[in-house]
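An overview of the molecular structure
What follows is the residue order along each chain.
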Amino acid sequence: MATLLHIDSSPLYGRSVSRQLTGAFVAQWKLSHRDGTVIHRDLNATAISPITAEWAEAAYTPEEGRTSQQKELLAVSDVLLAELEQADEYVIGVPMHNFGVPSVLKLWIDQIARVGRTFSYGSGAPKGLLTGKKATFIIATGGIYDAQTQMSSFNFVEPYLRSVFGFLGVTDATFLTTGGTAALNQGQDRDAFLAPHLQAVQSHAQAI
Ligand SMILES: Cc1cc2nc3c(=O)[nH]c(=O)nc-3n(C[C@H](O)[C@H](O)[C@H](O)COP(=O)(O)O)c2cc1C
């Protein structure tokens, strides 16, 4: 039975483009996985603390040597990691904020990049431990950052996500980007604007 982990990170909820598109992905996915399970992790409704020195020390202490206080410090991370490990597929909604990923998504990444759980340095070289997973990143950006445009070097969203998830072992990753959403604030019709992006997301969800 397939399990999909659905992650959202836009604070805009009903007005969010990435949330609308991840919602369409999930609806399509459910149609082709009638017995599947969906786990929804809303990062704007999840309290995640920034990394502290004590957290880092706990994460680098071998499991069998951790104190109960260290185990407590890693409790949120353990819950988030269990969701990632349980799922076979991920769909992650990502609004561009200040040319990068939103802070709630970065806080989550800091919790799930864990030595011995999602990566190891066993043989000297780093090894990703989240293998056999398929990820779809649904990105929304106010401007346009296509490869041939003047602004392409300002896009730290896709290169960052590709690198960090690749490092963790998730190499089967698809990036679907809706650029130019600022037009929606300038009177562009939302349904007409989103139609081709909804189509692309639904086709991809059907194909995987
Ligand atoms: C705090 C904040 C920062 C933003 N920074 C950028 C930016 O650096 N570049 C850009 O093109 N758009 C930027 N935007 C616009 C968003 O990328 C755009 O509204 C996109 O649709 C967000 O996805 P969402 O609709 O799912 O929230 C920003 C929006 C917010 C709220």
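First, a word on what this report is: a plain description of the structure on this page. (Residues numbered from 1 in each chain as written. Predicted model: local features only at pLDDT ≥ 70, side-chain atom pairs only at ≥ 80, totals over all residues. Heavy atoms only, no water.)

Attention now moves to the overall build of the chain. Broken down by element type, the chain carries seven helices and seven strands. Going residue by residue from the N terminus, the α and β elements of the chain occur as β-α-β-α-α-α-β-α-β-β-β-α-β-α. Taken against the 2.2 N^0.38 rule, which gives 17 Å for 208 residues, the C-alpha radius of gyration of the chain at 18 Å falls within 12% of a compact globule. For the chain, the proportion of its 208 residues judged to be buried stands at 44%. Residue pairs in contact within the chain that sit at least 24 positions apart in sequence constitute 78% of those at least 6 positions apart. (Helix = DSSP H or I, 4+ residues; strand = E, 2+ residues; numbered from the N terminus. Rg over C-alpha atoms; globule rule 2.2 N^0.38 Å. Buried < 20%, exposed > 50% of the residue type's maximum accessible area, 1.4 Å probe, protein only. Contact = heavy atoms within 4.5 Å.)

Attention shifts here to the sheet that holds strand β2 (residues 37-42). Read from one edge to the other, the open sheet built from five strands follows the order β2-β1-β3-β6-β7, with strand pairing classed as parallel. The open sheet is flanked by β2 and β7 (172-179), the only strands paired with a single partner. Within this sheet the neighbouring strands show an average axis-to-axis angle of 15 degrees, counted without direction. Pairing of strand β3 (residues 89-95) with strand β6 (residues 134-141) involves seven bridges; the strand directions are parallel. The residue bridging Glu 89 from the neighbouring strand is Lys 134, located in β6. Here helix α1 (residues 17-32) sits on the sheet in contact with β1 (3-8), β2, β3, β6 and β7, set at roughly 170 degrees to β1. Helix α4 (residues 75-86) rests against β1, β2 and β3 of the sheet, and its axis sits at about 145 degrees to β2. (Pairing = 2+ DSSP bridges. Axes fitted to C-alpha atoms, helices over the stretch in contact; angles between N-to-C directions.)

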